[in-house]
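Structure assessment
Spelled out, the chains give:
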Amino acid sequence: MKNMLSVIMPIYNEAQISIGVERTIGVLENAHIPYELILIDDGSKNDSWNQITDLAKKHDTITAIALSRNFGKEHALCAGLDNASGDCCICIDSDMQHPPEFIPEMYRLWKEEGYEVVEGVKKARIKENPVYRFCAKSFYNILKKIAGIDLQNASDFRLLDKKALEAWRSMPEKETFFRGMSSWIGFRRTQVYFDVAEREIGTSKWSLRNLANLAVNAITSYSSVPLYFATGFGLLFLLFFLIMFIQTLYMKLNGYAQTGFTTIIILQLIIGSILLINIGIIGIYIKKIYEEVKNRPRYIIRRIIKGGSEDGSAE
Ligand code: UDP
Ligand code: MG
């Protein structure tokens, strides 16, 4: 099919998947867009896979992929992107927080105006708690400063042209961050602004720990600036040491030696914590190197159903 769009939807423990899927298909068919819809079951523990297979039986435009366990959204997206055969692709959340009504406009920008990446940017965040908003904002500001990529209000809801997708595929890292990687590749890009809808059903699968992990991962993947902190702190404290050294010697020579205890304890504490923090930072990078050299696959596929029938691995 010419100008085919691959719509990629990761799914993990969602209820009533059909609502979002039917809504998306409705939009695509009304707009007469040739499409394939790739549903990835990211090792759901509920009946998501049954719901997906039912949908795949009903619509032969659906490709259903089951991963062997829960690999996380980033990896589920990889499975979808690797299996996309269209001339462009769009990633969209299954909980309809990315309104599928924007797809025709994104597709038009690609097809008629020749943009190679169309980014969905979040306009307003509904009912978001202020602490979260503050953390998210500071995080994106730090990331922009030290890694040079602006992900403020960026989302995974974006269209990638085949060429951009190929560029994405050429990146070999095992620990992926779709938003960051698809910004890093460049290409002619434009934005569409959408309101983040409230989650239709179910709850968000992100825990605070997940988010913290994602933040650390995003920063350490795009920047090695934290590694320089150690040297920076070291130099700063060297200066401090010199002053203290002279003062201590002076005290000793004049017979006031005992008075230095407070200073010594404070110094011990500061040096100790800075050393530990820096060992931690180095540790994060070593972990990342370790993860990459292990060279494990990003995901493992258990089953694929394409055009209503099994494709590849057996039942
Ligand atoms: N998701 C996934 N694997 C996971 C967690 C989430 O595939 O381990 C999917 C989920 O089904 C949804 C999308 O990723 O389609 C976004 O998840 P969620 O709504 O929980 O995240 P949020 O909207 O809060 O960022
Ligand atoms: Mg959501």
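The rules behind these values
- Residues numbered from 1 in each chain as written.
- Chains lettered and ligands numbered in written order.
- Predicted model: local features only at pLDDT ≥ 70, side-chain atom pairs only at ≥ 80, totals over all residues.
- Heavy atoms only, no water.
- Phe/Tyr/Trp six-rings, centres within 6.5 Å; stacked < 30°, edge-to-face > 60°.
- Helix = DSSP H or I, 4+ residues; strand = E, 2+ residues; numbered from the N terminus.
- Buried < 20%, exposed > 50% of the residue type's maximum accessible area, 1.4 Å probe, protein only.
- Salt bridge = Lys/Arg side-chain N within 4 Å of Asp/Glu carboxyl O.
- Disulfide = S-S within 2.5 Å.
- Core = buried A, V, L, I, M, F, W, Y, C linked by side-chain atoms within 4.5 Å.
- Contact = heavy atoms within 4.5 Å.
- Pairing = 2+ DSSP bridges.
- Expected span 1.5 Å × (residues − 1).
- Arc of directions from axis to C-beta.
- Donors = N, O, S within 2.8 Å, 3.2 Å for Na, K, Ca; no water.

As a further point, take the packing of aromatic side chains. Within this structure, the stated rule accounts for three aromatic pairs. Both rings, one in Tyr 107 and one in Trp 110, keep their centres 5.5 Å apart while their planes meet at 45°; by these two values the pair is tilted. In this pair, Tyr 107 and Trp 110 are both assigned in helix 4 (residues 103-111), three residues apart and thus about one turn of the helix distant. As far as the burial class goes, Tyr 107 and Trp 110 line up, both buried. An aromatic cluster is built from Phe 102, Phe 157 and Phe 194, whose rings are joined through pairwise contacts.

Once that is clear, we can look at the pattern of salt bridges. Pairing is possible between side chains that carry opposite charge, provided their charged atoms lie close to one another. Summed over all chains, the structure comprises 16 salt bridges. Here Asp 82 and Arg 169 are joined by a salt bridge, their closest N and O atoms 3.9 Å apart. Taken as a pair, Asp 82 in helix 3 (residues 73-83) and Arg 169 in helix 6 (residues 162-169) lie far apart in primary sequence, 87 residues in all. Given a relative accessible area of 28%, Arg 169 falls into the partly exposed group. The network of salt bridges with shared partners includes Lys 73, Asp 93, Asp 156 and Arg 179.

For the structure on display, the rule yields zero disulfides. Cysteine Cys 88 is unpaired, with the sulfur of Cys 89 as its nearest cysteine sulfur at 7.0 Å. Here Cys 89 is not disulfide-linked; the sulfur of Cys 91 is the nearest cysteine sulfur, at 5.5 Å.

Turning our attention to the nonpolar core. Most often, soluble globular proteins have nonpolar side chains that are buried together. Grouped together as the largest cluster of nonpolar side chains are 38 residues, with contacts concentrated most on Ile 8, Ile 40, Leu 67, Leu 81 and Trp 168. Beyond its immediate sequence surroundings of up to four residues, Trp 168 is in contact with Cys 78, Leu 81, Asp 82, Leu 160, Phe 178, Met 181, Ile 185 and Arg 298. Grouped together as the second largest cluster of nonpolar side chains are 36 residues, Trp 49, Leu 55, Ile 90 and Met 96 included.

It is worth spelling out the pairing of strand 7 (residues 189-194) at this point. Burial of the side chains of strand 7 is restricted to one face: Thr 190, Val 192 and Phe 194 are buried, whereas none of Arg 189, Gln 191 and Tyr 193 on the reverse face is. With six bridges connecting them, strand 5 (residues 117-122) and strand 7 associate as parallel partners. Looking at strand 7, one finds that Glu 119 is bridged to Gln 191.

Moving on to helix 5 (residues 130-147). For helix 5, with 18 residues, the first-to-last C-alpha span of 25 Å sits near the 26 Å given by 1.5 Å per residue. Looking only at helix 5, the buried set comprises Ala 136, Phe 139, Tyr 140, Leu 143 and Ala 147. The buried residues of helix 5 occupy one face: seen down the axis, they fall within an arc of 95°. Away from its buried face by more than 90 degrees, helix 5 exposes Pro 130, Val 131, Phe 134 and Lys 145.

Glancing now at the coordination of the magnesium ion (ligand 2). Of the protein atoms, only Asp 95 (OD) and Gln 97 (OE1) coordinate the magnesium ion (ligand 2), at distances of 1.9 Å. Overall, Gln 97 belongs to the partly exposed group, its relative accessible area being 22%.

Regular strands place their side chains on alternate faces of the sheet. Taken together, the five bridges between strand 3 (residues 62-67) and strand 8 (residues 301-306) define a ladder with antiparallel strand orientation. Opposite Ala 66, over in strand 8, you have Arg 303 as the bridge partner. Pairing of strand 8 with strand 9 (residues 309-310), which is carried by two bridges, proceeds in the antiparallel orientation. From the neighbouring strand, Lys 306 faces strand 9, where its bridge partner is Ser 309.

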